[in-house]
Structure formats: C-alpha cells, structure tokens
Amino acid sequence: MSSLTTPSLSPAARLRGLKPDWLADPKVWRTEVLAGLVVALALIPEAISFSVIAGVDPALGLFASFTMAVTIAVVGGRRAMISAATGAVALVIAPLNREHGLGHLVAAVILAGLFQVVLGALGVAKLMRFIPRSVMVGFVNSLAVLIFMAQVPEMRDVPWAVYPLIAGGLALMVLFPRITTVVPAPLVSIVILTAITVGAAIAVPTVGDKGALPSSLPVPGLPDVPFTLDTLTTIAPYAFAMALVGLMESLMTAKLVDDITDTPSNKTRESVGQGIANIVTGFFGGMGGCAMIGQTMINVKVSGARTRLSTFLAGAFLMVLCVAFGPIVSDIPMAALVAVMVMVSFATFDWHSVAPGTLRRMPAGEIAVMVITVVCVVTTHNLAIGVVVGSVTAMVVFARRVARFADVTSVTGPDGATVVHRVTGELFFASSNDLVGRFDYANDPDHVVIDLSAAHIWDASSVAALDAIGAKYARRGKTVEITGLNDPSARLHGRLTGELAAEH
C-alpha cells in the first residue's frame, strides 16, 4: 500500500517563500520606493500646515509624520496606509497647547496612544460594521471636497504664474501615464515644475515659505510636565477626544483602502498600532496623528503601492529630505503639490454616487444620509463628526423604514367567541409604540389570541407594549393568549413580562 508524501522544501526555498513582495519582485520594489518618495514630498507642506493649526513649531509636525509613518509601517494592520500628523488631531489638541503649553500637548499625545491601545484591545474596531455604505460614500466624497478646499488658499492672491504651473502639473499627471507607468506621474510633475521654476527663476510660493525645515533628527525624552493627578485630569479629556477621532479616521481610511485594493486588513491590530505609533511620537516630542487619507490615496490609488515598505519609506524619506536636502525641497513650488492634491481629490470622489442614474435608483433616505454626512464634514472640517452624525441619521432612517413593516391582521372565529390578531414584522421600540393602538379593545370577543409566529421581539419596549395590550383587555374582563413566539422572542418575553410598566 503506497502513501502520498509531500516533498519537503529546502531551507533556501522556505526562505524565498518568507520574503515580502517588495523583495521578491523588483517591479514591486520600484513602485514602493517611488510611491514613498512622492508621499514624503506631499507630506512636508501638509505637516507644516497642521503644525500651524496646532500652534506648535513646524518641526514637531514633521517629526510626528516621520515617527507615525515609520512606526505604523511595522505595527499597523493595514498595509500601504499612511499615518502622519493630521488636521483632525491638530484641531483637537490646539486648545490644550494654547492654554497649557507644549509639555501638556506631548503628554496628551502619549495618553491618547494608551487610550487607543486599550480601545483597540477591547475590540472598538468591531463597531465599523455599524457604519452603512451611504455614510462611507459620504465620507469619501466629503474627504475629496476637503482635499480640494485645502488647496484653494494656495490659489488665492498668488502670482499669475501659479495658475499655468498648476494646469501644467495636472496635464502631466493625466498624460504621462499614457507614456509609461514605471515612474509615478506625481513625482514627474513635481520634478519638472521644480526644474522650470528654479531654472527660469520664476517667483512663486514654495515649500520653504511654509516654514523652516528641521536640520536634525528628533531626540526621545519625557514631556516637560509635573507628573501629578492635576496634570492627568487636565490632559485626559483632550487625550480621549484625540484617541476617538484618530481611531475613527484611521479605521474609516483602512476600510476605504480595503475596498480599493480588494484586500482585507486587521482593524484590531490597526487600532492598537495607532496607539503605539502615538506613544512613540509623544516620546519623540511630536504632535501626534492618525491615518492621513489624502496621502494614503496618493500612495495606494495614484502610485499603486501595496506593501508596508512604501509607508516606512514615506516617513524615512521625509526626514532625509528635510535634514539632508532641505534647501532643495524648500524650492519645490507649492503649485506642484497643489496640482497633485487636486488630482487626488478628483480621483477620490465617487462620481458614480452622484450620477443621475444612480440618484434615481437610490432610496431617498440613503441619499439624505450621504448628503448629511458630506455637509457635516465640510461644515465642521471634522471627518469624525460627519461619520457619527451620518451613522445616527442612517439608524433613524432604518428604524422608520423597518417600523412600517409591523402590521396586524385580525380574523374572528366562526363562533364569534375568539379573535386571532396575527402580528407580522419586527417589533422594537419604533414599531411597538404604535402596536397598542391597533386593537379594538371594546368590541373584540372575550378570548383574544395574539399570533406572533410571523414576528420577532427585539427589545423591552415590545414586551412592555404586549403587557399594555394584555392589561387593556384585562380591564374589560377579556383574556389574552400570546402564541407563536420563536425561541429568542419567548426567552426575552418570559424574562421581562410583568416586570415592566404595562400602562401606555
């Protein structure tokens, strides 16, 4: 009798199987390296701008982008996603820095990281399942609008030469991929526009005008605050708000990248990883951050990156560009980066969602949820607020829609002594509140049967409604029999009936 055996692999073959994609395939390696370089260039003015919002030195925003990207590349749960200093985090911690100083801000970043690690370990990522598609579409579209709006100030009150440079950059990014995709079009655009402005001595706003670039690497240390309960109570509210905003933005971005790349990610690991990255950033004196959606789109959608290498190199190149090539990077015209971000905004927007054909087919409630999400995000400039408001609106729309499906049909027995009320649909707080008024208490016969075989009891409100119905019949000397309960409904009804207020 023969047996089949699997040939064992040699140690060299096993080692080759353990190699990451970017080592096994030179084309992947080239894509990841060039994508990281493009993202690093785009990160510099963004990080400086967010530092201004937070009220800190531009170097702290750049340090945060460096440490966040490098750390999350190792510990994060979503490959190719970019984490760095962000405007959402800057808005949350700006008041703390303004009122209590930089030491408290750095301490809050570390505490926010600890909160994120705990929330991640507790499974906060599982809440993502409650965010409906209409909110996700609104999130993506509002993100695209915000990216574009952030470029508008760079196109106001500027020399006339800025406009043809932006147009030229957009044309390059549209046309160059038709020639070759070996080099990312945004990188080509940045290099060519920089060469033109420097070579022709065209006076336009540059990256250097945003702020001074750091000349050395960050040094680790402890925040300069008294380690007392008073300090903890001061920073805790800001830290918790930062943790929630950072996690929500990061998890939404991870889900977006999942959809674009058609690959899964570990949301729990990403949540914990964001916390670790913020802790590391805090000890290096950075302003903290989270997933950066615009730069992630550059990395994944525009440049085609798919591995952790691009994320790591985005942070590494950022510091190399600042420290070793600061004067050269300072000469990059802002028009080149504006063109890149405008292209990203157009690529990010879900144009199919606003097509007339789509709008005609979509339920009005889902269109409303999408619009409300976009309006809230654009108005507040806070993606987290828009997602929360949109999700709550979607839940209300869903509850109203499902509540309409609860119905009662009545059949009186041949002898006229019994009536059977057949209840169909989902019974929960929205539908059960109307259930009490669906019965003819005065004219029904003495024996009333409520058939729930086509219904399901979801909450205490439904049990209370059934108790109220029974009480109304009992006051008229009539008996009520409830039949057809499925097992979960029977258990919930048996546990709560008679324990709740029966009067409605």
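As a reminder, the structure under discussion sits directly above these lines.
Rules used throughout
Residues numbered from 1 in each chain as written. Predicted model: local features only at pLDDT ≥ 70, side-chain atom pairs only at ≥ 80, totals over all residues. Heavy atoms only, no water. Helix = DSSP H or I, 4+ residues; strand = E, 2+ residues; numbered from the N terminus. Expected span 1.5 Å × (residues − 1). Buried < 20%, exposed > 50% of the residue type's maximum accessible area, 1.4 Å probe, protein only. Contact = heavy atoms within 4.5 Å. Pairing = 2+ DSSP bridges. Axes fitted to C-alpha atoms, helices over the stretch in contact; angles between N-to-C directions. Parallel < 35°, antiparallel > 145°, perpendicular 65-115°, else oblique. Left-handed = near helix turned anticlockwise from the far one by under 90°. Nonpolar A, V, L, I, M, F, W, Y, C, P; charged D, E, K, R; others polar. Core = buried A, V, L, I, M, F, W, Y, C linked by side-chain atoms within 4.5 Å. Right-handed = clockwise from strand over helix to strand, strands pointing away. 1 Å grid on protein atoms, 1.4 Å probe; cavity = no way out; pocket = protein on both sides within 12 Å on 5 of 7 lines; lining within 4 Å. Points joined across faces, edges and corners; volume = space filled by probe spheres on them. Polar contact = N/O pair within 3.5 Å; in protein donor to acceptor, adjacent residues only side chain to side chain.

Caption draft 1: Representation of helix α20 (residues 460-474). The first and last C-alpha atoms of α20 sit 21 Å apart over 15 residues, in line with the 21 Å expected at 1.5 Å per residue. With eleven of 15 residues buried, α20 is to be regarded as a mostly interior element. Every buried residue of α20 is accounted for by S462, V463, A464, A465, L466, D467, A468, I469, A471, K472 and Y473. Buried residues belonging to α20 abut β4 (418-427), α19 (429-435), β5 (447-457), β6 (479-483) and α21 (487-496).

Caption draft 2: Expanded view of the sheet that holds β6. Pairing is mixed across the open sheet formed by four strands, whose spatial order is β3-β4-β5-β6. Edge positions in the sheet fall to β3 (407-412) and β6, since each has one partner strand and no second. Each adjacent strand pair in this sheet contributes to an overall mean axis angle of 20 degrees, direction not counted. Here α20 sits on the sheet in contact with β4, β5 and β6, set at roughly 170 degrees to β5.

Caption draft 3: Summary view of the pairing of β3. As defined by bridge partners, β3 adjoins β4 across six bridges and the pair is classed as antiparallel. Directly across from V411, in β4, lies its bridge partner V420. Taking the residues that link successive antiparallel strands as the turn, the β3-β4 hairpin has five residues, and the phi of G416 there is positive, at about 75 degrees.

Caption draft 4: Highlighting unusual backbone geometry. Phi at A80 takes a positive value of approximately 75 degrees, unusual for a residue other than glycine. Position of A80 relative to the elements: it lies in the loop between α4 (58-75) and β1 (83-84). With phi around 55 degrees, D262 is a residue other than glycine that occupies positive phi space. Turning to its location among the elements, D262 is positioned in the loop between α10 (229-261) and α11 (267-283).

Caption draft 5: Geometry of the packing of helix α6 (residues 102-121) against α10. For the pair α6 and α10, the least separation of the axes is 7 Å and the interaxial angle reads 55 degrees. Relative to α10, the element α6 is oriented oblique. The crossing of α6 and α10 is right-handed. Residues H104, A107, A108, V109, L111, A112, F115, Q116 and L119 of α6 pack against T231, L232, T234, I235, A236, A239, F240, M242, A243, L244, G246 and L247 of α10. Considered class by class, the residues forming the contact of α6 with α10 number 16 nonpolar, five polar and no charged.

Caption draft 6: Examining the nonpolar core more closely. Core analysis: the largest hydrophobic core is formed by 102 residues, its most contacted members being I44, L62, F139, M287, I298 and L318. If you tally residues by element for this core, the top one is helix α3 (residues 26-54), at twelve residues. V436, I450, I457 and A465 belong to the second-largest nonpolar core, a separate cluster that totals 21 residues.

Caption draft 7: Quick peek at the pairing of β6. Of the strand pairs in this sheet, β5 and β6 are connected by five bridges, and their pairing is parallel. If you follow H447 over to β6, its bridge partner there is T479. Handedness of the β-α-β unit built from β5, α20 and β6 comes out right-handed.

Caption draft 8: Just empty space enclosed by the protein, in detail. Summed over the entire model, instances satisfying the criterion amount to one cavity of 30 Å³ or more. Its boundaries defined by the atoms lining it, the largest cavity holds a volume of some 40 Å³. Together, E154, V158, V162, P205, M334, A335 and V338 line the largest cavity. If you tally residues by element for the lining of the largest cavity, the top one is helix α15 (residues 334-348), at three residues. Looking at side-chain class alone, the lining of the largest cavity contains six nonpolar, no polar and one charged residues.

Caption draft 9: The side chain of S353, seen in detail. The topology assignment puts S353 in the loop between α15 and α16 (356-361). Within the structure, S353 has its side chain in polar contact with the side chain of N141 (distance 3.0 Å). Side-chain polar atoms of S353 contact the backbone oxygen of D350, separated by 2.6 Å. Ignoring anything within four residues of it in the chain, the contact list for S353 reads V137, N141, T358, L359 and M370.

Caption draft 10: Layout of the environment of W160. Here W160 is to be found in the loop between α7 (133-151) and α8 (162-179). Residue W160 is classed as exposed on the basis of its relative accessible area, which comes to 69%. Each C-alpha atom, one on W160 and one on F428, is 62 Å from the other, the two residues being 268 residues apart in sequence.

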